[in-house]
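Inside the fold
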Amino acid sequence: MKNLDDQLTLRECWGRFTTGVSIITTRLDNKKIHGMTANGILSVSLNPPIVLVSIGIERNTHDFIKKKKSFGISVLNSSQKEIAEYFSKDNILGENFFDYKEMPLGELVICKSIAQFECNLFKEIKIFDHTLFLATIDNFDFSEGDPLIWLDSKYKKI
Ligand SMILES: Cc1cc2nc3c(=O)[nH]c(=O)nc-3n(C[C@H](O)[C@H](O)[C@H](O)COP(=O)(O)O)c2cc1C
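Residues numbered from 1 in each chain as written. Predicted model: local features only at pLDDT ≥ 70, side-chain atom pairs only at ≥ 80, totals over all residues. Heavy atoms only, no water.

1. Quick notes on the pairing of strand β8 (residues 130–142)
- Sheet analysis places strand β5 (residues 49–56) next to β8, joined by seven bridges and oriented antiparallel. Looking at β8, one finds that Ile50 is bridged to Thr136.
- In the sheet, strand β7 (residues 115–127) pairs with β8 via 12 bridges, with the strands oriented antiparallel. Within the sheet, the bridge partner assigned to Asn120 lies in β8 and is Thr136.
- Taking the residues that link successive antiparallel strands as the turn, the β7-β8 hairpin has two residues, and the phi of Phe128 there is positive, at about 50°. (Pairing = 2+ DSSP bridges. Helix = DSSP H or I, 4+ residues; strand = E, 2+ residues; numbered from the N terminus.)

Take a look at the structure:
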């Protein structure tokens, strides 16, 4: 077994844990939508519907959620890789991906994503350089389609 000196192996270990890919969206003061690619999300309970998202304190999204309290989660379909790539880079705040790509956007969630949640923050737990945000899910929906997959630090299809 490796120990803490081997960060690369630790990354590779977690790379084996296959997940879907989501976008966490927040609405800015200028009404535009900011997005962040995330797989650190967890369904804590269904009744009541509670979600946990783990966000690095350096992320723009971190402070947007703290300030706005509400956010969306969209689970991407297998043809939405471009959206995941865009929102995993430091994107210029205020630049509206959805306008220039003519992407349809719901109120706070991404259209054609395979599951959508609108969430309201009720608790924050700071763990070193991340904050765990616990939120109620107030509205939700889903669409047919295959998920986009994240495995070994690459996007894949089923
Ligand atoms: C597949 C994938 C999953 C990610 N999951 C998370 C996550 O759960 N939490 C997090 O803080 N960053 C996560 N990131 C990194 C952010 O997407 C990335 O740092 C992004 O640029 C942050 O945007 P922002 O600073 O504009 O909010 C993930 C990146 C990828 C590619």
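2. A word on the side chain of Thr37
- Tracing the backbone through its elements, the reader meets Thr37 in strand β3 (residues 33–38).
- Residue classification places Thr37 among the buried positions, given a relative accessible area of 18%.
- If near-sequence neighbours (up to four positions away) are discounted, Thr37 is found in contact with Val21, Ser22, Ile23, Ile83, Ala84, Phe87, Ser88 and Tyr155. (Buried < 20%, exposed > 50% of the residue type's maximum accessible area, 1.4 Å probe, protein only. Contact = heavy atoms within 4.5 Å.)

3. Here's the deal with the site of the ligand
- Around the ligand, 18 residues are found, and the nearest of them are His34, Thr37, Gly40, Asn60 and Thr61.
- Ser88 places a polar main-chain atom, nitrogen or oxygen, 3.2 Å from an oxygen atom of the ligand.
- Computed on the free molecule, the ligand has an accessible area of 650 Å², of which 87% lies beneath the protein chains in the complex.
- Broken down by secondary-structure element, the contributors of at least two residues to the shell around the ligand are β3, β5 and α2 (60–68).
- The element that contributes the greatest number of residues to the shell around the ligand is β3, accounting for four residues.
- Residue classes in the shell around the ligand are distributed as six nonpolar, nine polar and three charged. (Near = heavy atom within 4 Å. Polar contact = N/O pair within 3.5 Å; in protein donor to acceptor, adjacent residues only side chain to side chain. Areas by Shrake-Rupley, 256 points an atom, 1.4 Å probe, with all protein chains shown as cover. Nonpolar A, V, L, I, M, F, W, Y, C, P; charged D, E, K, R; others polar.)

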